[in-house]
Amino acid sequence: MIRLLGKRTLTGISSMWGSVDPRYPHPPGFAFSGLAVVLFAACLALTTVAMCARGVDAAPAVPYLPHQESLLPESRSDESCRCGPDDLRRLAQAGQERSFAPSEVSDSGDLGERIRRAGEMAAKGDIERAKEIVVQAIWECQSKEGNVRDCARWSAALRGLNSLLENPPKRKVVTNSIGMKLVRIPPGEYMMGSLKSEMDWLRLTFKKIWREGHKQWFQDELPLHPVRITKPFYIGSTEVTVAQFREFVTATKYKTDAERGEGGMIFSKQDNRWVPRKNMKWNVTPWKLADDQPVVFVSWNDAKAFCSWLSRKEKRTYRLPTEAEWEMACRGGMVWSRFPWGNRLPGRNDTNFGDGDPKLPESLTTVDDGYQYVAPVGSFPPNGFGLHDMDGNVMEWVQDLYGRNYYETSPLEDPQGPPGSEGSRVNKGGNWYASPADGRCAFRGFSGPEMNFFNLGFRVVMEDPDHEERVRVANRDRDRSAPDSGQADAQDLPPTEEDGLRYFRQAMFAGQQQQWDEAVSDLEKALKVYEKRQDYLWVARVKATLAGIFAEQNRPFKSKELYTQALADFRSVGDASSALILLARLQELNTSPVVRVVKVQKGSNAEKAGIVAGDLIIEYAGDTGFRSDAFKRLVREHSSAEKVTLSAMNENDEITTVMVPGGPLGVAVEDIRRRPRRPPPAQQERPRRNQRRDRRGRR
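The structure displayed is predicted, hence computed values, not measured ones.

Let's talk about the overall build of the protein chain
Then step 1. Scanning the protein chain from terminus to terminus reveals 24 helices and 19 strands.
Then step 2. Scored against the burial criterion, the 699 residues of the protein chain give a buried share of 57%.
Then step 3. Put simply, 72% of the contacts in the protein chain that link residues at least 6 apart link residues at least 24 apart.
Then step 4. Accessible surface, the protein chain as shown: approximately 30,800 Å² in total, 48% of it carbon and sulfur.

Dropping the structure here:
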């Protein structure tokens, strides 16, 4: 990851935070249109990695990539590496998606590949075989038979994965009286919607669909924005089945909108449009019906009626998920991903989609998912939360009204959709008849609440009864203890997080238009809000974003000052991954000297940390930009420290950050000039003959 960062320039709009972060394995061309947006998305995306490293009980938010936790002190307990119940599956997914550069395959691919394989086995439940792989790797590193640099880079991964395998966490699943399995989803944060560059990916990947006028279908996914779900909830592990819906109809004698109206909607290839068929309804379909298939030909009104009946039957609150809850559940614990399994296009074992369609990309023409129509629920692998078919089989109704521009003003916490009760309702997810473009977690469909289709069903949410009881008791106690002192003056109230977020969003939009002065002004206001709230994580995020904008304005020294402050802030709150990325940004500014390792003493702390002759030491104990005299002074000053951070860059511009004991490192260093960045091939100097030819051509 950092090898690529070190080569990337600060000129123009950078895609650094997206395309090179292995948690966001975007395809070529996935670039951001606005540096402020880039940094904002990246900073928020990195939040829960650090929370996981500190042992915070939060929703897992990104695939766990081990080498990103290399700043964890070795003395820290393995307990600190225990994350949510789906880290093993996300580790396997992330390892599968990460594309190693050629230099990485030979240096770290072996150990990294074994960690990925262990994660895959553990995610499938083969704990014993996964433990064998991890224990063998740990033994090799401890006995010094393994590659020293490999072991230093992946040490935190091995410790964390070993801890998870010793005590595999359990997912909380309940089964109600009609056999419906519901999975508990904890509170958490993620990025909802899509980036502008996702439109480019759609346009280039699904050219025929885009040409047919579907462009407007996708642009309502903009802008990408943060969402925080504050309450846990249970969601069906699959869509509601035919058998479960039949139980509802039998108990209530309910007639669906399709039965009361003109019938179910199917797509007529002859007419090239959706048309109603009088005999089509929930228990009469164009294919052979089975009880374990998802129910279709049900409207939003029908789904609401089902939830009301189930609430009365179970004496629990059942409802449709909000769009924000559904999209968070779809991503399976990742902050952002295109599909529940990551960002690659689906294969035959991923989901039930409209395979065989000649309009699909060439890479999908040979994919056969095995089903011409709907598949039995749960036929394909679950996502990180243990949910099936979030990306295919049938689309699903959600609670929200549809608003094309709703994302521009939606609240940070628990968005419920536009106000009102009349209008089209949102449906989410792919289906057996549609392109994978519709199977992305961010995709938004919409239909009238009385409409029903042969590729549209629903799944339900059950509100967490334990959480409801805790809230009720807390509200009762607060009401009893609250003094009757009247309302406080609004001017005396402290700023809320919404105040800071409002300024931050304004800066995002200004950054998209490259209106840097307006973006800086809004970010400075947001910084004051978060400093007053003593929200130091957000203080670091805002400073990092400001630093990026100043770099864009060719103000490297101001940018370096803020990057350095943000680096210290991220480390103070334990966000190691964000600190590592900012460290790479500091190196790109090319404003500070470094020292080069000339010799490494055998058996020294430097050798144990994987430092070799020729490496550049670019950071020690949080300080950067030093010459050899200053570096030696830093080492002396921290001689009594138990552990300090050390960051080194090798000849391939890869940055490795490790924890080393304070005191002598056992290296000889020299001052050097910074190596010039290697220009990309397109910018390399052409032969003089070609230059003359170009000049003649321009004349």
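Focus on the nonpolar core
Then step 1. Counting residues in each nonpolar core, the largest one holds 41 residues, and the members touching the most others are Phe245, Phe306, Phe458 and Val460.
Then step 2. For this core, the secondary structure elements donating two or more residues are helix H10 (196–205), helix H11 (207–218), helix H12 (242–252), helix H14 (300–314) and strand E9 (395–401).
Then step 3. A total of six residues in this core trace back to one element, the largest contributor, which is H14.
Then step 4. Not counting residues within four places of it along the chain, the set of residues in contact with Phe306 comprises Ile178, Met180, Val240, Gln244, Phe245, Phe248, Phe458 and Val460.
Then step 5. Listed in part, the 39 residues of the second largest apolar core include Trp516, Ala540, Phe550 and Val594.

Some words on the packing of helix H8 (residues 127–142) against helix H9 (residues 148–166)
Then step 1. It is the contact of H8 with H9, at a shortest axis distance of 10 Å, that shows an interaxial angle of 145 degrees. Where H8 crosses over H9, the handedness of that crossing is left-handed. Every residue of H9 that contacts H8 at Ile127, Ala130, Lys131, Val134, Val135, Ala137, Ile138 and Cys141 is listed here: Cys151, Leu158, Leu161, Asn162, Leu165 and Glu166.
Then step 2. Split into classes, the residues belonging to the contact of H8 with H9 amount to eleven nonpolar, one polar and two charged.

Thoughts on the pattern of salt bridges
Side chains bearing opposite charge may pair, as long as their charged atoms lie close to each other.
Then step 1. In total, this model carries 20 salt bridges according to the counting rule given.
Then step 2. Between Arg228 and Glu189 there is a salt bridge, with the nearest N and O atoms lying 2.8 Å from each other. Placement of Arg228 in strand E4 (residues 225–229) and of Glu189 in strand E3 (residues 188–192) is noted, with a sequence separation of 39 residues between them.
Then step 3. Salt-bridge contacts for Glu463 lead to Arg319; the nearest nitrogen and oxygen are separated by 2.9 Å. Here the residue Glu463 occupies a position in strand E13 (residues 461–463), and Arg319 occupies one in strand E8 (residues 318–319), the gap between them amounting to 144 residues.
Then step 4. Judged by its relative accessible area of 22%, Glu463 falls in the partly exposed class.
Then step 5. Counted as one network, the salt bridges with shared partners bring together Glu323, Glu327, Arg331, Lys428 and Arg444.

Brief notes about the packing of aromatic side chains
Then step 1. In this structure the tally under the stated criterion is 28 aromatic pairs.
Then step 2. Arranged with centres 5.1 Å apart and planes meeting at 80 degrees, the rings of Trp274 and Phe453 form a pair that is edge-to-face. Of this pair, Trp274 sits in strand E7 (residues 273–277) while Phe453 sits in the loop between strand E11 (445–447) and strand E12 (456–457), and the two are 179 residues apart along the sequence.
Then step 3. A relative accessible area of 30% places Trp274 in the partly exposed class.
Then step 4. You can call Phe453 buried: its relative accessible area is 12%.
Then step 5. Within the aromatic cluster, the residues linked to one another by ring pairs are Phe267, Trp274, Trp287, Tyr373, Trp432, Tyr433, Phe453 and Phe454.

What about the pairing of E4?
Regular strands have side chains that alternate between both faces of the sheet.
Then step 1. Within E4, five of the five residues are buried, leaving the element largely enclosed by the surrounding structure.
Then step 2. Because side chains alternate across E4, one face comprises the buried residues His225, Val227 and Ile229, and the other comprises Pro226 and Arg228, equally buried.
Then step 3. The pairing of E3 with E4 spans five bridges and is classified as antiparallel. The residue of E4 that forms the bridge with Met191 is Pro226.

Looking at the pairing of E7
Then step 1. Inspection of the sheet shows strand E6 (residues 264–268) paired to E7 by five bridges, in the antiparallel sense. Each bridged residue has a counterpart across the sheet, and for Ser268 the counterpart in E7 is Arg273.
Then step 2. Linking E6 back to E7 in an antiparallel pair, the connection comprises four residues, with Asn272 at a positive phi of about 55 degrees.

A closer look at the sheet that holds E11
Remark on secondary structure: sheet strands pair via backbone hydrogen bonds, oriented parallel or antiparallel.
Then step 1. Spatial ordering of the open sheet is given by E11-E10-E9-E12, a layout of four strands whose pairing is mixed. Of all the strands in the sheet, just E11 and E12 have a single pairing partner and so form its edges.

Rules of the game
Residues numbered from 1 in each chain as written. Predicted model: local features only at pLDDT ≥ 70, side-chain atom pairs only at ≥ 80, totals over all residues. Heavy atoms only, no water. Helix = DSSP H or I, 4+ residues; strand = E, 2+ residues; numbered from the N terminus. Buried < 20%, exposed > 50% of the residue type's maximum accessible area, 1.4 Å probe, protein only. Contact = heavy atoms within 4.5 Å. Areas by Shrake-Rupley, 256 points an atom, 1.4 Å probe, with all protein chains shown as cover. Core = buried A, V, L, I, M, F, W, Y, C linked by side-chain atoms within 4.5 Å. Axes fitted to C-alpha atoms, helices over the stretch in contact; angles between N-to-C directions. Left-handed = near helix turned anticlockwise from the far one by under 90°. Nonpolar A, V, L, I, M, F, W, Y, C, P; charged D, E, K, R; others polar. Salt bridge = Lys/Arg side-chain N within 4 Å of Asp/Glu carboxyl O. Phe/Tyr/Trp six-rings, centres within 6.5 Å; stacked < 30°, edge-to-face > 60°. Pairing = 2+ DSSP bridges.

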